[in-house]
Amino acid sequence: MTSSQLRGRRQKRAAAPKFTHSVFGNFKPDSLTSLKRKLVNGKRVAIDLYLPQAAIDTFAADDLDPFVPLVETLPDLATAVRRSAVPCKADWLADLLDPANAHLHRALLKVFPKAQSDGIEDDAFFEALWLSRICLAPFGTGPSDEVPSATWDLHVLPKGRDDTIFAVKTSPDGTVLSVTTES
């Protein structure tokens, strides 16, 4: 993106209308906008809004209404979402224990001291999963996905130790649609 395109985008954002939503507060829409933070299991979780460029001009605050139940039941949903990521444990652990990732072994063994010899129990893995962000996408996440969804970013090791994200995609009401890992 050129500097004039970037400047034009900033000007467009500055001129954009400000929206008010009873649950998500005041904000100006952009491709990625932070709406609010919420405390979940003792950690502050960012709740963001993702809009494809083509949807920014058509966005209305009530496009967020389907996500209200998600925010209102966040602690309970977060537990179910964390549980849905547990099946990814085996592949993640195998990747972390690979000799090519030796630089991560210390962080792994600090959280799971017996991981190298005994693996990780599902309950221990579940307890270690923590939520950093939920990204709401009322118009989907791209041209091939126009279905409203929320993507929950889960991590296992402390921030800055492992860049793996367990990305759990849900419907606006929190029903799990898919679980993948991203690096």
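Everything below is about the structure shown above.
Predicted, not measured: the structure shown is a model, and the values here were computed from it.

K.L.:
Help me understand the overall build of the protein chain, please; the structure alone is not making it clear to me.
P.N.:
Helices and strands together make up the secondary structure of the protein chain, namely eight helices and eight strands. Expressed along its principal axes, the backbone C-alpha trace of the protein chain runs to roughly 55 × 40 × 30 Å. A burial count over the protein chain gives 44% of its 183 residues as buried. Within the protein chain, contacts between residues separated by at least 24 positions form 51% of all contacts whose residues are at least 6 apart in sequence. Carbon and sulfur atoms make up 52% of the accessible area of the protein chain, which amounts to about 10100 Å² in all.

K.L.:
What is the right way to read the environment of asparagine 101 from this model?
P.N.:
On the secondary structure map, asparagine 101 appears in the loop between helix H5 (89-97) and helix H6 (105-111). Under the relative-accessibility criterion, asparagine 101 is labelled buried at 16%. Each C-alpha atom of the pair asparagine 101 and threonine 181 lies 16 Å from the other, and the pair is 80 residues apart in sequence. Not counting the four nearest positions on each side in its chain, asparagine 101 is found in contact with Asp95 and Leu96. Reaching out from asparagine 101, the side chain makes a polar contact with the backbone oxygen of aspartate 95 at a distance of 2.6 Å.

K.L.:
For this particular structure, what's the right way to read the sheet that holds strand E4 (residues 43-50)?
P.N.:
Two pairing modes exist for strands in a sheet, parallel and antiparallel, and in both the strands are linked by backbone hydrogen bonds. One open sheet accounts for six strands, arranged E3-E4-E5-E6-E7-E8; its pairing is mixed. The open sheet has two edge strands, strand E3 (32-40) and strand E8 (176-182), and neither has a second partner. Recorded for the sheet is a direction-independent mean angle of 20° between the axes of neighbouring strands. Taken together, the eight bridges between E3 and E4 define a ladder with antiparallel strand orientation. Its bridge partner being in E4, lysine 38 is matched across the sheet by valine 45. Relative to strand E6 (residues 149-155), helix H4 (residues 74-85) is tilted by about 70°, and along the sheet it contacts E3, E4, strand E5 (130-137), E6, strand E7 (165-170) and E8.

K.L.:
What's the story with the nonpolar core in this structure? I'm lost.
P.N.:
Nonpolar side chains in soluble globular proteins generally cluster together in the buried interior. Counting residues in hydrophobic clusters, the biggest one holds 48 residues, and the most contacted among them are Phe24, Trp92, Leu136 and Trp152. For this core, the element with the highest residue contribution is H4, accounting for five residues. Excluding its chain neighbours within four sequence positions, the residues that come into contact with tryptophan 152 are Leu70, Leu74, Leu77, Ala78, Val81, Leu131, Arg133, Ile134, Phe166, Ala167, Val168 and Thr170.

K.L.:
Explain the packing of aromatic side chains here, please?
P.N.:
Where two aromatic rings form a pair, the distance of their centres and the angle of their planes describe that pair. Considering all chains together, one arrives at seven aromatic pairs under this definition. With centroids separated by 5.2 Å and ring planes inclined at 85°, the aromatic side chains of phenylalanine 19 and phenylalanine 59 adopt a geometry described as edge-to-face. Placement of the pair is phenylalanine 19 in strand E1 (residues 19-21) and phenylalanine 59 in the loop between helix H2 (53-56) and helix H3 (68-72), with a sequence separation of 40 residues. According to the relative accessible area criterion, phenylalanine 19 is buried, its value standing at 16%. An aromatic cluster of at least three residues, connected via ring pairs, comprises Trp92, Phe112, Phe125 and Phe166. A cation over an aromatic ring shows up here: arginine 82 above the ring of phenylalanine 126, its NZ or CZ 4.2 Å from the ring centre.

K.L.:
Would you take a moment to explain the pattern of salt bridges for this structure?
P.N.:
Pairing between side chains of opposite charge can happen when their charged atoms approach one another. This model, assessed by the stated rule, comprises five salt bridges. Residues arginine 133 and aspartate 48 are paired through a salt bridge, measuring 3.2 Å at the closest nitrogen-oxygen approach. Of this pair, arginine 133 sits in strand E5 while aspartate 48 sits in strand E4, and the two are 85 residues apart along the sequence. On the accessibility criterion, aspartate 48 (8% relative accessible area) is buried. The partner of arginine 133 in a salt bridge is aspartate 153, and the shortest N-O contact between them spans 3.1 Å. Placement of the pair is arginine 133 in strand E5 and aspartate 153 in strand E6, with a sequence separation of 20 residues.

K.L.:
Just to check I follow, could you spell out the environment of serine 183 for this structure?
P.N.:
Tracing the sequence through the fold places serine 183 in the segment after E8. With relative accessibility at 76%, the residue serine 183 sits in the exposed group. When the C-alpha atoms of serine 183 and phenylalanine 166 are compared, they prove to be 8.9 Å apart, with 17 residues separating the residues in sequence. Setting aside its immediate chain neighbours within four residues, serine 183 contacts Asp163 and Thr164.

So, how was this worked out
Residues numbered from 1 in each chain as written. Predicted model: local features only at pLDDT ≥ 70, side-chain atom pairs only at ≥ 80, totals over all residues. Heavy atoms only, no water. Helix = DSSP H or I, 4+ residues; strand = E, 2+ residues; numbered from the N terminus. Buried < 20%, exposed > 50% of the residue type's maximum accessible area, 1.4 Å probe, protein only. Contact = heavy atoms within 4.5 Å. Areas by Shrake-Rupley, 256 points an atom, 1.4 Å probe, with all protein chains shown as cover. Polar contact = N/O pair within 3.5 Å; in protein donor to acceptor, adjacent residues only side chain to side chain. Pairing = 2+ DSSP bridges. Axes fitted to C-alpha atoms, helices over the stretch in contact; angles between N-to-C directions. Core = buried A, V, L, I, M, F, W, Y, C linked by side-chain atoms within 4.5 Å. Phe/Tyr/Trp six-rings, centres within 6.5 Å; stacked < 30°, edge-to-face > 60°. Lys NZ or Arg CZ within 6 Å of the ring centre and 35° of its normal. Salt bridge = Lys/Arg side-chain N within 4 Å of Asp/Glu carboxyl O.

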